[in-house]
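# Reading the structure
The primary structure of each chain is shown beneath.
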Amino acid sequence: MTKSDARDPDGMTSLLYRSLERMKTSYIDLYFVHGISSIDELDNKTKIWAEKAKASKKIRFFGFSTHSNMEECMMGAARLGWVDGIMMSYNFRIMHSDRMKKAVEACEKAGIGLTAMKTQGGGQVKTSSETEFQLAGRFIKNGYTDKQARLKAVWENPYIASICSQMPSINILMSNASAAMNKTRLSSVDIDLFNRYAGETSGAYCAGCTNICESAVAGTAPVGNFMRCLMYSRSYNEPGWAKELLSRISVTDRERILNLDFSLAEQKCPQKMEIGKLIKEACFELS
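Fair warning: this is a prediction, and the values are worked out from it, not measured in the lab. (Residues numbered from 1 in each chain as written. Predicted model: local features only at pLDDT ≥ 70, side-chain atom pairs only at ≥ 80, totals over all residues. Heavy atoms only, no water.)

### Notes on the pairing of strand β5 (residues 113–117)
Counted residue by residue, β5 has four buried out of five residues, so it is predominantly covered. You can see the chain leave strand β4 (residues 85–89), run along helix α4 (residues 98–109) and come back into β5, and the turn it takes is right-handed. Sheet topology note: the β5/strand β6 (residues 160–163) ladder contains three bridges and is parallel. If you follow Thr115 over to β6, its bridge partner there is Ser162. (Buried < 20%, exposed > 50% of the residue type's maximum accessible area, 1.4 Å probe, protein only. Helix = DSSP H or I, 4+ residues; strand = E, 2+ residues; numbered from the N terminus. Right-handed = clockwise from strand over helix to strand, strands pointing away. Pairing = 2+ DSSP bridges.)

Structure representation (structure tokens):
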């Protein structure tokens, strides 16, 4: 599978053929429009393009990836009726919300295959809390690490077809493979502890509901992009990715954004994140 940054038919065609050449193949199993934040980014032109690409046997299935407003995008796809697959942020922090549960169920009923990404939930948050100690002790006792347990929490849902996990080393690949083959299921106590831990550390994780925070500042700041920068740098240890993403926001725009008042956005944030403070940290750490 591969993804397209373009939304227009000509752009998607160009990027599809570039991928075919790079991957040395005559067709793509699953072709995604990359990183949508609204289902309105797909229209009838997109549908016609996907149908033609399938008819010409250049792709087998079509869909999109999303890490912003995932639930709304998923519900919208279920209503469209022509989306085959979705890759979305999905982890122990957000999988139990009513909105995400309804979105997953709607996609399952519509026959949409779901691939979970960002499954670590922002990486390891060190709180030295009693909940964290209890989690660590249970994982060690059952023979797997906290990172393996986070994968297993996602696999608990039979509607999730697969996980897209970054594996930059053989060690991580082997660890993930071991978790996949380990048939030990998480207990109800494990799940309850995960939920409690998610609540205690919610302020350190952006849940991707950018329609809330960005509308609170009237669309004058791409809050979600700043949070992704910090995620790549702090949770994934990929400062290069973070700096490249931040560079897409001009220095002039960054200076303007630093002077904005984010108090209303912070009040509305379900995670209670210190948005203004975090944006300043992103700018100073990654510029």
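Structure shown, so let's carry the discussion forward.
### Section: the packing of aromatic side chains
Applying the stated criterion across every chain yields a total of nine aromatic pairs. Relative to Trp82, the ring of Phe62 has its centre 6.1 Å away and its plane inclined at 25 degrees; by these criteria the two rings are stacked. On the criterion of sequence distance, the pair formed by Phe62 in strand β3 (residues 59–66) and Trp82 in the loop between α3 (70–80) and β4 is long-range, its members being 20 residues apart. In this structure Phe62 comes out as buried when scored by relative accessible area, which is 0%. For Trp82, a relative accessible area of 14% corresponds to the buried category. Among the aromatic residues, ring-to-ring pairing joins Phe92, Phe139, Tyr144, Phe194 and Tyr197 into one connected group. (Phe/Tyr/Trp six-rings, centres within 6.5 Å; stacked < 30°, edge-to-face > 60°.)

### Digging into the nonpolar core
Core analysis: the largest hydrophobic core is formed by 55 residues, its most contacted members being Trp49, Phe64, Met74, Ile86, Tyr90 and Leu114. Considering every element that reaches this core, the biggest residue donor is helix α8 (residues 188–200), with five residues. Aside from chain neighbours lying at most four places away, what touches Leu114 is Met74, Ile86, Met88, Val104, Cys107, Tyr159, Ile160, Ala161 and Ser162. Listed in part, the 26 residues of the second largest apolar core include Ala216, Phe226, Phe262 and Cys283. (Core = buried A, V, L, I, M, F, W, Y, C linked by side-chain atoms within 4.5 Å. Contact = heavy atoms within 4.5 Å.)

### Re the environment of Asn176
Note on placement: Asn176 falls in helix α7 (residues 170–181). The spacing of Asn176 and Ala149 is 27 residues in sequence and 10.0 Å in space, taken between C-alpha atoms. Ignoring anything within four residues of it in the chain, the contact list for Asn176 reads Leu151, Trp155, Ser165 and Met167.

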